[in-house]
Each structure stands twice: as structure tokens, then as C-alpha cells.
Amino acid sequence: MGAKELWALLAALRAGWCLLPQAGYLHPDEFFQSPEVMAGDILNLQVYYPWEFLSSSPCRTVVFPLMTSGISYWVIKSLQQLDICSSCINSYTLLVSPRLLFTIFSFILDYSVYQLAPSWEADRWKALVLLAGSYVTLVFYTRTFTNTLEGLLFALLMVLVSSRKPDSSLAEPTRSPLIGIVTTAGFFNRPTFLAFALMPLLYWAGFIVDSQRSIKTVINHFLKLVLCACFTAIVFITADTFYFTSVGLDNLYNIKNNSLFDVIGRLNEKIIVTPFNFLSYNLNPHNLALHGSHPRVTHFTVNGMMLFGILHVLAIGAGCKMLKQYICQLIRVKSYYHGSPGLLVHSKGKPTLLLFYFVPLAFLSLFSHQEPRFLIPLILPLVLFSTSQNRAMKWKYVIVIFNMLGALLFGCLHQGGLIPCLFRLEQLMHSPESSNHPRHYTLLFAHTYMPPRSLLNIKKRDTHIEVIDMAGSEEETLCQTVEQRANDFTCNDCQVFVVIPGTIRATITKCGVSFLNETLIFPHLSMEDPPHIPFLLSRNWRSQLGLYILQLGRNQQSL
């Protein structure tokens with residue numbers, strides 16, 4: 001099978017796996033930074049609004065959620081209102097429609113590799129196969145993360161700053177406005193985008209200065225970039241201010257007769273600049289510690305390996321070798337004064353791509369909170385570097401096995417029972433029987449990731465469904481809550497479901513309550529409550545890799 005055919009097969013796998021859908025649950029942010037918020041705003045569903053989207057602490061721009069999950073939900077809402085699809089809004093479409101849009105957007109990565117590979121002396125189709133076969137592309141880039149958008153904007157920026165055409169001739173630098181727009185949009189999506197944008201912008205600036213003889217032309221390029229960046233920032237600030245505050249057209253009309261200074265003063269009190277709020281919060285070490293503190297070398301030693309495997313090792317090895325070479329050059333006084341090859345613009349692609357990879361990695365390592373998904377934008381320079389001079393070819397079997405294991409772990413196993421569980425509960429609560437005989441449902445989740453309420457498809461006006469998220473509660477607290485529900489006889493038509501991983505199933509039996517039914521959803525791997533190895537070797541190994549839905553019975557002793 002040729003490289004083109006293999007890429008097409010992997011691209012089909014990416015789209016098909018999105019539609020299945022993928023059951024793995026990577027991190028709560030894939031729901032609570034976009035789909036959950038938009039489901040509440042557009043579909044009027046009961047959701048949990050994260051603190052970043054509250055008007056009291058606005059730290060996330062609403063523009064990208066509106067442009068992605070918002071559009072997806074508006075489409076399925078319109079289809080249902082037009083009677084084109086009578087039941088368009090259900091747990092499946094609520095999950096898949098935003099993911100499908102992100103999956104389509106993920107092919108921006110493929111386009112970027114196709115455009116950039118010849119410029120960086122990489123084989124175009126081998127690079128595309130390496131990209132499409134990575135579990136980072138198959139799993140992370142099909143999920144609704146802000147990190148996914150960050151990676152796509154980084155890819156676009158690398159294309160825009162590219163100084164060479166596919167035929168290796170120098171291109172005329174005419175993309176200053178687009179570079180300003182993409183950089184500003186990336187900053188509002190995630191302020192950490194500046195760490196990724198630094199090297200591309202320096203590369204572009206060096207190319208502008210070297211290729212233009214007139215200082216007037218150079219200034220003109222930078223003015224275009226700044227003006228477009230400012231305009232884009234105004235658009236984001238305006239949208240966020242309207243969303244998070246009470247400022248509206250009526251308010252603006254009421255103050256139009258005031259003086260200009262009064263208008264500016266009142267708008268200044270209301271104005272929302274989400275990236276500044278984000279930075280203000282995250283630059284406080286105490287706030288970062290609330291989300292988890294990690295050693296500063298976690299990105300280099302753990303996260304890079306977890307995401308990219310041997311490619312990360314190859315990049316580190318090449319980086320050390322290249323650093324040694326440049327140190328030797330600096331020691332040679334003669335070559336130093338006569339001018340060694342420029343690192344950014346005049347050098348071969350190898351040093352520059354390594355800087356595109358390691359400079360963001362170094363900046364992100366300055367923060368104590370380090371998660372693997374923060375590094376997913378780096379897949380583009382790493383793929384280009386790894387396929388130049390066929391570095392990755394001799395490791396192809398290691399790469400294939402690594403990505404298969406990664407796709408299995410994060411795409412299927414990791415918290416993999418929670419989404420099917422929500423699908424099943426949604427079907428139960430919206431079944432014809434439940435519609436004819438309304439009941440009160442209590443759904444209690446313990447030792448799982450935060451369940452996205454939107455997938456339960458509950459309207460805000462419906463008060464007969466209660467969701468309780470107990471996170472990683474201690475055994476005593478969990479038992480107290482379960483016993484309290486079992487002894488509640490004030491409601492005759494109440495049904496209580498307890499959702500727990502199989503690894504703590506034995507804990508629930510100590511609570512002294514009975515269960516009418518139990519359903520095991522397989523597979524489900526909880527790294528917070530990992531399975532016990534001896535049990536995995538026993539006949540009941542499936543229970544250790546499963547998620548239980550337990551229907552609570554009444555305490556017979558209280559009757």
C-alpha cells in the first residue's frame with residue numbers, strides 16, 4: 001500500500017471513529033470549555049457552568065465556543081424545529097456534532113503538512129502518514145479542547161510565515177494581516193499561544209528584514225500586522241463584553257447623549273478582556289496548585305514521551321547534538337567573526353524546526369501545572385522534523401505499536417464507561433414508559449470524571465432529575481449519602497442510580513444498602529482508582545475494568 005492510500009485510510013479512520021463515537025473521556029475540559037456551555041445557552045439544557053464562564057470570573061472567550069459547539073447545536077436545533085429530524089437532539093448528536101466539526105477542522109493539520117513539507121526538506125506523504133497515524137491526531141484533535149484549536153492556529157501560523165513556495169523559491173511576504181489575525185485569535189483562545197507563536201513570528205520578522213531593502217516597506221508590513229491584530233482584539237473584546245455583562249444595544253442607546261468621556265468611562269467599567277483575567281489567575285502559583293502541581297521537567301521527561309514516544313526522544317537527541325555543534329562554533333573565534341550561518345532564516349530547516357518544538361516546550365515548562373494536552377500543538381514541527389532525512393523510518397514498527405496502544409488507552413479505555421453510561425441513562429429517562437409515568441430520578445456519580453450534564457438531554461424546566469457529582473469522596477461520605485437516599489420515603493416514584501467504577505464496587509457493599517439492578521459497562525479504566533493486578537488475573541477481571549450503574553433499593557429495615 002502506497003503512502004497516499006495509507007493516509008486516505010487513516011483519514012477515514014479519523015472520521016469514522018469520531019462517528020462511532022469514541023468512548024474514551026480524556027479530561028473534563030473537553031466538555032466544560034465549550035459543548036457544556038453552549039448546550040445550556042443554545043439548547044436550554046441543564047448544564048454545569050464552569051467558573052471560567054461565570055460573569056463573576058470570565059477567563060475564557062466565548063467566541064470560539066460559539067463558532068464551534070454553538071454552530072453545531074444551532075444546526076441540530078434548527079433541524080428539529082423545522083421537523084426535518086424529529087429527535088435530532090439526543091445524547092449521540094450532543095456528543096458527536098461538535099466533535100465532528102473539530103474532526104473536519106483537524107484536516108487543517110494535514111493541509112499544513114502538505115504545504116510545509118517541501119520547504120523543510122521532508123517527504124510530503126510520509127509526513128502526512130506519520131501525522132494521520134499518530135494517536136494524538138486520532139484522539140486529541142477530534143475532541144473539543146481549546147488546545148486543539150491552539151494547535152490548528154499554530155499550524156496556520158506556520159503556513160503563513162513560511163518563506164518558501166513548494167518549488168523552493170522564496171515567497172513574497174504579503175501575509176502580514178492574516179498573521180496578525182491568527183496570532184490575536186490564538187491569544188484570546190489560550191494566552192499560552194504566545195509561547196507557540198514566538199518562533200514563527202521571529203522567523204517571519206527575520207525574513208521580512210532580510211528580504212526588504214526599504215525600511216518603509218518593512219514598517220508597512222509591521223503596521224499591517226499590528227492594525228489587524230488590534231481589530232481582531234476589538235472583535236473578541238466586544239463579543240466577550242456583550243456575553244459576560246449587561247451591556248447591550250439598549251444600554252448603548254441610553255448613554256449616547258452623554259459626553260464622550262462619560263461613555264468611555266462607563267464602557268471601561270464593563271469591558272471584559274478574558275486573556276488578562278486568564279493570565280492574572282494562572283500567574284498566581286496558589287491558583288495553579290489548586291489544579292495540580294508538577295515538577296518543572298514533567299513536559300520534557302513525561303508528557304512529551306506520553307504523546308510522541310520515540311519522536312520526542314529523537315528530537316531531544318538531535319537537539320543536544322545541534323547545541324553541541326553551535327557551542328563549538330562559538331568557541332572558534334574565526335568562524336564567529338566571519339559570521340556563522342544564521343540560526344533562523346539562512347540555516348537549513350533542521351535547527352529552526354527544533355526551535356519551533358523546544359522553545360514552546362521550554363516556556364510551558366516554566367509553569368508548575370503541566371498536562372500532556374498542553375503539548376499537542378507541537379505535533380506539526382515534530383512530524384516535519386522526524387520525516388526530514390527519513391529519521392523516523394527505521395523506528396516505524398515502534399511508532400505503529402506506540403500509537404495503537406495510545407489510541408486504545410485514551411480513545412477507548414480511559415474513563416471509557418462514563419459516556420456510554422450517560423447514553424443509557426438518557427434513553428431510560430426519555431423512554432415512553434418514563435414519559436407516561438413521570439418519576440423523579442437521582443443520578444449519583446462517584447469516583448468518575450465530572451459527568452457532562454448536557455449529554456443527559458434535560459431541559460432547564462425539568463425539575464424531576466437531580467445529578468449529584470461526588471467526585472472522589474471518601475468511603476464514609478459516600479455511604480452516608482447512599483444510605484440517606486435509601487431511607488428517603490417521602491417520594492414514592494423516586495429512582496436512585498449510583499454510578500461507580502468496578503474498582504470500588506466492594507466499597508459500596510459495605511454501606512448496608514440493597515440494589516435492585518446492576519449494569520456493568522465495559523471497558524472503563526480509572527487511573528485515579530486503578531484496577532488491582534490480582535483481580536485482573538482472576539475470572540472477574542471485567543469488573544475491574546468496568547463501570548457499574550446500580551439502581552438503589554429501599555432499606556427494608558425502615559419499612
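Residue indices follow the written sequence of each chain, beginning from 1 at its first position. Restriction of local features to residues with pLDDT of at least 70 applies here, the model being predicted, together with a cutoff of 80 or more for giving and counting side-chain atom pairs; totals for whole chains, interfaces and linings are based on all residues. For side-chain calculations, the full set of non-hydrogen atoms in the structure is used, while hydrogens and water are omitted.

A. Geometry of the state of the cysteines. Only a pair of cysteine sulfur atoms within 2.5 Å counts as a disulfide in this structure description. Under the counting rule described, the total for this entry stands at two disulfides. Covalently, C85 is tied to C88 through a disulfide, its sulfur atoms 2.3 Å apart. For every residue, the accessible area obtained with a 1.4 Å probe (protein chains only) is divided by the maximum for its type, and the residue is called buried under 20%, exposed over 50%, and partly exposed between those limits. With a relative accessible area of 27%, C85 lands in the partly exposed category. Paired through a disulfide, C479 and C511 show a sulfur-sulfur distance of 2.0 Å. Judged by the sign of its S-S torsion, about -70°, the bond between C479 and C511 is left-handed. Pair noted here: C479 is in helix α25 (residues 475–486) and C511 is in the loop between α26 (505–509) and β4 (515–521), with a separation of 32 residues, a long-range link. For the pair C479 and C511, one class covers both residues: buried. For helices the rule is a DSSP run of H or I covering at least 4 residues; for strands it is a run of E covering at least 2, with both sets numbered from the N terminus onward.

B. Region of interest: helix α22 (residues 396–413). Helix span is expected to be 1.5 Å times the residue number reduced by one. For α22, spanning 18 residues, the distance from its first C-alpha to its last is 24 Å, which sits close to the expected 26 Å at 1.5 Å a residue. For α22, the complete set of buried residues consists of I399, N403, G406, A407, F410 and G411. Around the axis of α22, the buried residues are gathered within 105° of arc, so they sit on the same side. Of the exposed residues in α22, those oriented more than 90 degrees away from the buried face are Y397, I401, M404 and L405. Just beyond α22, the residue with positive phi is Q415, at close to 50°. Working definition: the arc comes from the directions between the helix axis and the C-beta atoms, pointing outward to the latter.

C. How the structure looks around the pattern of salt bridges. A carboxyl oxygen of Asp or Glu within 4 Å of a side-chain nitrogen of Lys or Arg is what we treat as a salt bridge. Scanning the model with the defined rule gives nine salt bridges in all. Where R190 meets E150, a salt bridge forms, and the shortest distance between an N and an O atom there is 3.5 Å. Of this pair, R190 sits in the loop between α10 (176–189) and α11 (193–211) while E150 sits in helix α9 (residues 146–161), placing them 40 residues apart in sequence. Note on R190: relative accessible area 5%, which makes it buried. Judged by its relative accessible area of 1%, E150 is buried.

D. A look at the confidence of the model for the protein. Residue-level confidence of the predictor, termed pLDDT, takes values from 0 up to 100. Per-residue pLDDT for the protein has a mean of 88; in total, 89% of the residues score no lower than 70. Within the protein, the lowest mean pLDDT, 51, falls on helix α19 (residues 333–338), and the highest, 98, falls on helix α8 (residues 135–139). Contact between two residues is taken to exist if any of their heavy atoms lie within 4.5 Å; hydrogens are not considered. Low pLDDT (under 50) marks residues 340–349, which in the prediction has 23 contacts with non-local residues, meaning those over four places away or in another chain.

E. Here's a closer look at unusual backbone geometry. Note that the residue after L20, namely P21, is joined by a cis bond; omega there is 5°. Residue P523 is reached from F522 by a cis peptide bond, and omega for that bond is 0°. Phi angles above zero are rare outside glycine, and N390 is one such case at about 55°. Within the secondary structure layout, N390 lies in the loop between α21 (379–387) and α22. Classification of N390 as partly exposed rests on a relative accessible area of 39%. Positive phi, close to 60°, is recorded for H447, a residue that is not glycine. Position of H447 relative to the elements: it lies in the loop between β1 (440–445) and β2 (465–469). Its relative accessible area of 15% is what places H447 among the buried residues.

F. Region of the structure containing the environment of T183. Considering the arrangement of structural elements, one finds T183 in helix α10. C-alpha of T183 to C-alpha of L201: the two residues are 18 residues apart in sequence and 9.0 Å apart in space. Setting aside residues no more than four positions away along its own chain, T183 makes contact with L157, F193, A197 and L201.

G. Structural view of the nonpolar core. Buried Ala, Val, Leu, Ile, Met, Phe, Trp, Tyr and Cys residues form a nonpolar core when they are joined through side-chain atoms within 4.5 Å. In terms of nonpolar packing, the biggest core is built from 79 residues, with V136, F140, F308 and L384 touching the most fellow members. The greatest single-element share of this core, amounting to ten residues, is contributed by α9. Not counting residues within four places of it along the chain, the set of residues in contact with L384 comprises V113, L116, A117, W120, A122, M158 and L353. Grouped together as the second largest cluster of nonpolar side chains are 40 residues, V37, L443, I465 and V499 included.

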